[in-house]
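What follows is the residue order along each chain.
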2 protein chains.
Amino acid sequence: MSGAVIKYDLCMGRWQPNARGRLEQAALELYGERGFEQTTVAEIAKRAGLTERTFFRHFADKREVLFAGGVMLEDLLVRAIADAPDSTTPIEATIAALEGAGALLQERRERSRQRQAVIDANAELRERELIKLATLASALAGALRRRGVTDLAASLTAEAGIAIFKVAFERWIKETNEKELPQIIRESLDELKAVTAGK
Amino acid sequence: MSGAVIKYDLCMGRWQPNARGRLEQAALELYGERGFEQTTVAEIAKRAGLTERTFFRHFADKREVLFAGGVMLEDLLVRAIADAPDSTTPIEATIAALEGAGALLQERRERSRQRQAVIDANAELRERELIKLATLASALAGALRRRGVTDLAASLTAEAGIAIFKVAFERWIKETNEKELPQIIRESLDELKAVTAGK
DNA sequence: TATGCTGATGACAGCAACTGACATCAGTCC
DNA sequence: GGACTGATGTCAGTTGCTGTCATCAGCATA
């Protein structure tokens with residue numbers, strides 16, 4: 001489990017490659033082993049064979065190391081919405097994009113569980129997760145506006161989409177059966193439709 | 001305003017009353033004057049005539065001083081949902097509760113604007129605001145479940161309600177005309193209904 | 001080959017957020 | 001009057017985070 005401190009290897013350049021990835025790995029391990037607050041940045045850096053100062057060159061703060069990967073997801077969603085056929089309704093384009101992202105996550109179910117367990121165990125990490133989701137909602141709304149959707153409708157559709165994703169993701173993580181994330185997302189949309197229709 | 005440090009007054013007990021309120025006031029002023037990050041806790045405490053250590057006895061961290069009042073709002077909303085007639089649908093009970101809260105905020109429009117300007121100017125404060133809203137959503141979902149609403153429907157209704165509130169509040173803060181918050185909330189619900197219906 | 005630039009890292013000092021431990025002392029209860 | 005309580009002060013310490021300067025492999029270019 002890579003508790004070992006990595007040292008220079010004279011054969012390959014001045015430094016070990018992928019410093020950023022090593023920091024991410026070390027942080028996820030340590031946060032999982034002893035908790036977020038009980039882990040110091042110095043310890044993460046040491047396990048990655050680097051110094052504390054270098055950690056903060058790669059990540060803005062101690063939390064960000066768990067969320068830096070989210071940029072890819074945002075790109076994916078925005079592109080999916082942009083590429084949807086013109087005839088697609090805003091809510092349908094949004095949900096289709098989320099189903100696509102859900103399919104990706106479906107392939108890394110165990111890692112998602114591990115990461116989410118770390119996040120759920122700490123209030124500061126939950127805060128960071130929420131702002132990432134809010135940023136995502138903003139990006140989705142922007143993508144919708146670029147399709148000609150009005151401001152209000154774009155914001156509400158994006159927020160509703162994120163709400164659906166949150167609820168669906170939580171159920172997916174919690175459930176023991178093997179229902180797949182994209183399917184849960186679709187079911188959640190149907191439920192939201194029923195609920196807003198006044199039921 | 002009130003840059004003066006408050007001193008003991010031999011006529012009235014050992015300490016000035018309402019230490020907590022003085023800290024809240026001093027913090028809002030300083031955050032507004034020079035920004036959240038540029039304000040130290042020691043400065044807030046000094047303006048309130050107290051010490052840094054005492055600040056942390058009243059508030060868990062430097063941000064919480066802006067959000068401690070939110071507990072009242074949560075109580076109000078939960079009670080409103082609990083007290084709604086049995087025949088009221090979940091979404092209607094939720095929106096009615098939010099309209100009630102909106103009416104309260106309507107009376108302090110300027111203070112709301114001031115507070116929101118401080119929050120919007122800082123990412124850490126936005127994080128804290130989001131987790132407060134998420135907590136509120138949880139509380140709403142709980143209140144709905146106690147009315148016999150199923151888990152999934154309760155979560156989605158609560159999340160949708162909060163999404164509506166976020167969007168409506170933002171428009172209310174931003175707009176120069178005098179449209180009232182409860183009305184904007186109602187309009188936003190109608191828009192969400194249109195959007196989820198597939199439009 | 002020499003020279004200089006760049007980019008990732010280390011080393012170190014320092015600030016400010018937050019915590020734990022103990023002291024102080026007005027008011028209150030018995 | 002003596003014990004107790006509760007809000008506050010004081011002080012030392014940990015840790016997240018930043019600024020600054022030094023180091024040095026690799027690369028380009030003369």
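Residues numbered from 1 in each chain as written. Chains lettered and ligands numbered in written order. Predicted model: local features only at pLDDT ≥ 70, side-chain atom pairs only at ≥ 80, totals over all residues. Heavy atoms only, no water.

A. Molecular detail of the domain arrangement of chain A. Residues and elements named next belong to chain A. Domains assigned within chain A are domain 1 (1-60) and domain 2 (69-196). Relative placement of domain 1 and domain 2: their C-alpha centres are 31 Å apart. Together domain 1 and domain 2 conceal approximately 560 Å² of surface at their shared face, both sides included; 66% is due to carbon and sulfur atoms. Between domain 1 and domain 2 we count zero salt bridges in total. The interface formed by domain 1 and domain 2 includes one residue pair in polar contact (both at pLDDT 80 or more). A breakdown of the residues in the side of domain 1 that touches domain 2 according to their chemical character gives three nonpolar, two polar and one charged. (Domains from an automatic or database assignment. Buried area = accessible area lost by both parts, 1.4 Å probe. Salt bridge = Lys/Arg side-chain N within 4 Å of Asp/Glu carboxyl O. Polar contact = N/O pair within 3.5 Å; in protein donor to acceptor, adjacent residues only side chain to side chain. Nonpolar A, V, L, I, M, F, W, Y, C, P; charged D, E, K, R; others polar.)

B. Quick peek at unusual backbone geometry. Residue and element names in this part refer to chain A. In this structure, N18 is a non-glycine residue whose phi angle is positive, near 60°. Positionally, N18 belongs in the segment before α1 (19-34). Judged by relative accessible area, N18 falls into the exposed class, the value being 54%. (Helix = DSSP H or I, 4+ residues; strand = E, 2+ residues; numbered from the N terminus. Buried < 20%, exposed > 50% of the residue type's maximum accessible area, 1.4 Å probe, protein only.)

C. Representation of the pattern of salt bridges. Under the definition given, this model contains 31 salt bridges over all chains. Between A:E99 and A:R186 there is a salt bridge; the shortest N-O distance is 3.0 Å. Remark: A:R186 occurs in helix α9 (residues 181-196) and A:E99 occurs in helix α5 (residues 90-106); sequence separation between them is 87 residues. Owing to a relative accessible area of 27%, A:R186 belongs among the partly exposed residues under this scheme. Between B:R113 and B:E110 there is a salt bridge whose closest N-O contact spans 3.2 Å. Note that B:R113 and B:E110 are positioned in helix α6 (residues 109-120) at a spacing of three residues, about one turn of the helix. Residue B:R113 is classed as partly exposed on the basis of its relative accessible area, which comes to 25%. The structure contains a network of salt bridges with shared partners spanning A:D61, A:R63, A:E64, A:R128, A:K132 and B:E127.

D. Up close: the relation of the copies chain A and chain B. Turning chain A through 180° and shifting it by 0.0 Å along the axis lays it on chain B, with an RMSD of 0.0 Å. In symmetry terms, the pair is related by a two-fold rotation axis. Residues of chain A ranked by C-alpha distance from the rotation axis are headed by A:E127, positioned 2.7 Å from it. A share of 100% of the interface residues of chain A reappears at the interface of chain B, consistent with the copies meeting face to face through the same patch. (Least-squares fit on C-alpha atoms with pLDDT ≥ 70 in both. Contact = heavy atoms within 4.5 Å.)

E. Spatial organisation of α5(A). Spanning 17 residues, α5(A) covers 24 Å between terminal C-alpha atoms, matching the ideal 24 Å at 1.5 Å per step. Taking burial as the measure, the 17 residues of α5(A) include twelve buried ones, the bulk of the element. Listed in full, the buried residues belonging to α5(A) are A:P90, A:I91, A:A93, A:T94, A:I95, A:A97, A:L98, A:E99, A:A101, A:G102, A:L105 and A:Q106. Along its buried surface, α5(A) packs onto α4 (70-83), α6 (109-120), α7 (123-145), α8 (151-174) and α9 of chain A together with α9 (181-196) of chain B. (Expected span 1.5 Å × (residues − 1).)

F. Region of interest: the side chain of A:R109. All names here are of chain A. By secondary structure assignment, the location of R109 is in helix α6. Residue class for R109 comes out buried when judged on its relative accessible area of 10%. A polar side-chain atom of R109 sits 3.2 Å from the main-chain carbonyl oxygen of W172.

G. Structural context of the interface of chain A and chain B. Between chain A and chain B, the residue contacts involve 31 residues of the former and 31 residues of the latter. Roughly 2900 Å² is buried in total at the junction of chain A and chain B, and carbon and sulfur atoms are behind 70% of that figure. Applying the counting rule to chain A against chain B returns six salt bridges. For the salt bridge of A:E127 with B:R128, the shortest nitrogen-to-oxygen distance reads 2.6 Å. Run the count over chain A and chain B and you get seven residue pairs in polar contact (both at pLDDT 80 or more).

H. Layout of the protein's contact with DNA strand C. Inspection of the region around DNA strand C gives 21 residues, with A:T54, A:R57, B:R14, B:R53 and B:K62 positioned closest. Considering the 4 Å shell around the protein, atoms of DNA strand C inside it are sugar or phosphate in 49% of instances. Measuring from a phosphate oxygen of DNA strand C, one finds a side-chain N or O atom of A:T54 at 2.6 Å. Interatomic distance of 2.6 Å between a side-chain N/O atom of A:R57 and a base oxygen of DNA strand C. (Near = heavy atom within 4 Å.)

I. Quick peek at helix α7 (residues 123-145) of chain B. Helix length check: α7(B) (23 residues) gives 33 Å between terminal C-alpha atoms against 33 Å at 1.5 Å per residue, within 8%. By the N-cap criterion, in which a side-chain oxygen at the helix start approaches the backbone nitrogen of a residue two or three places on, α7(B) is capped by B:N122, the distance to B:E124 being 2.9 Å.

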